[in-house]
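These are the residues of each chain, in order.
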Amino acid sequence: MRRTKLIYLVGKSENELLAYDEYDSGSGKWFTENPIMANEYYCQQACEEKKKEGLDVFLWEITYDVDEKKIIKEEIWLQFSNEEAVEWKNRILSINAK
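Quick look at the structure, then. (Residues numbered from 1 in each chain as written. Predicted model: local features only at pLDDT ≥ 70, side-chain atom pairs only at ≥ 80, totals over all residues. Heavy atoms only, no water.)

This model, assessed by the stated rule, comprises three salt bridges. Between lysine 73 and glutamate 61 there is a salt bridge, with the nearest N and O atoms lying 3.8 Å from each other. Of this pair, lysine 73 sits in strand S5 (residues 70-80) while glutamate 61 is found in strand S4 (residues 56-65), placing the two residues 12 residues apart along the sequence. Taking the relative accessible area as the measure of exposure, glutamate 61 reaches 16% and is therefore buried. Across the pair lysine 73 and glutamate 75 runs a salt bridge, and its minimum N-O distance is 3.7 Å. (Salt bridge = Lys/Arg side-chain N within 4 Å of Asp/Glu carboxyl O. Helix = DSSP H or I, 4+ residues; strand = E, 2+ residues; numbered from the N terminus. Buried < 20%, exposed > 50% of the residue type's maximum accessible area, 1.4 Å probe, protein only.)

Residues Tyr8, Val10, Leu18, Tyr41, Cys43, Ala46, Cys47, Leu55, Val57, Leu59 and Phe80 constitute the largest nonpolar core, which totals 11 residues. Only strand S1 (2-13), helix H1 (43-53) and S4 provide two or more residues apiece to this core. Top contributing element to this core by residue count: H1, with three residues. Ranked by size, the runner-up nonpolar core spans eight residues in total, among them Leu17, Phe58, Ile62 and Ile76. (Core = buried A, V, L, I, M, F, W, Y, C linked by side-chain atoms within 4.5 Å.)

Put into structure tokens, the structure is as follows:
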């Protein structure tokens, strides 16, 4: 049986994804090319984080086989540019306000 997991990430590019290290004595913020190390968000959270950091929102799709316990397909792509994420967030807020 196959399952697909969708994960929202934020970053400068697909190779510079935002990650945090809670044990870092500085800000703890750094960028990684490995999506496993990046922070995971829900869509709305990603758009809020994007607003704070001025980054783009990416979607990471992982399809895996439950029985064989292996990844079949893995792909990451730009979901919202910075400007599109602001528009999407404003649209959702106006719908929720009604």
